[in-house]
Amino acid sequence: MNGRLLAICRADNGTWELPGGVLELNETPEAGVAREVREETGIPVDVDELTGVYKNTTRGIGALVFRCKPSGGAERTSSESTAVSRLTPDEVSERMSKVYTIRLLDALDGNGPHARSHDGKHLIPAG
């Protein structure tokens, strides 16, 4: 994707985030990632590797982030997204909160998988 990262503007709250969602009981994490990305963006992807695990300590929710490669398709919005865009790392930093920006930057650095915690707004230092 020429150094660009696939992101959505969420329909429910207007924030820019990674496409994603909740796994179905009978699907693997990789199958769930592929399904969610296609549902929210119209882009089919091949799941490459796990790049990070992120815990929202306030809500008790864990998120797995995988690096993916697009395999065709055309970008489109859905009932869950009002915009779909391929952003540069600088655009990601401008549009997303730090707790979502770090997920994309971690996926690019090649040093993962990373494990991080946050309170919904701020990263919590490890240790």
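Further up the page is the structure itself.
Residues numbered from 1 in each chain as written. Predicted model: local features only at pLDDT ≥ 70, side-chain atom pairs only at ≥ 80, totals over all residues. Heavy atoms only, no water.

1. A few points about the side chain of Thr51
Here is step 1 of the chain: Assignment of secondary structure puts Thr51 in strand S3 (residues 45-56).
Here is step 2 of the chain: What makes Thr51 buried here is its relative accessible area of 3%.
Here is step 3 of the chain: Non-local contacts of Thr51, meaning those with residues more than four positions away in its chain, are made with Val65, Phe66, Arg67, Ala107, Gly112, Pro113 and His114. (Helix = DSSP H or I, 4+ residues; strand = E, 2+ residues; numbered from the N terminus. Buried < 20%, exposed > 50% of the residue type's maximum accessible area, 1.4 Å probe, protein only. Contact = heavy atoms within 4.5 Å.)

2. A look at the sheet that holds strand S2 (residues 16-17)
Here is step 1 of the chain: Pairing is antiparallel in the open sheet, where three strands are placed in the order S2-S1-S5. Pairing within the sheet leaves two strands with one partner each, and these edge strands are S2 and strand S5 (81-87).
Here is step 2 of the chain: Pairing of strand S1 (residues 5-10) with S5, which is carried by six bridges, proceeds in the antiparallel orientation. Bridged to Arg10 within S5 is Ser81.
Here is step 3 of the chain: Sheet strands in contact with helix H1 (residues 29-41) are S1 and S5, and its direction is about 60 degrees off that of S1. (Pairing = 2+ DSSP bridges. Axes fitted to C-alpha atoms, helices over the stretch in contact; angles between N-to-C directions.)

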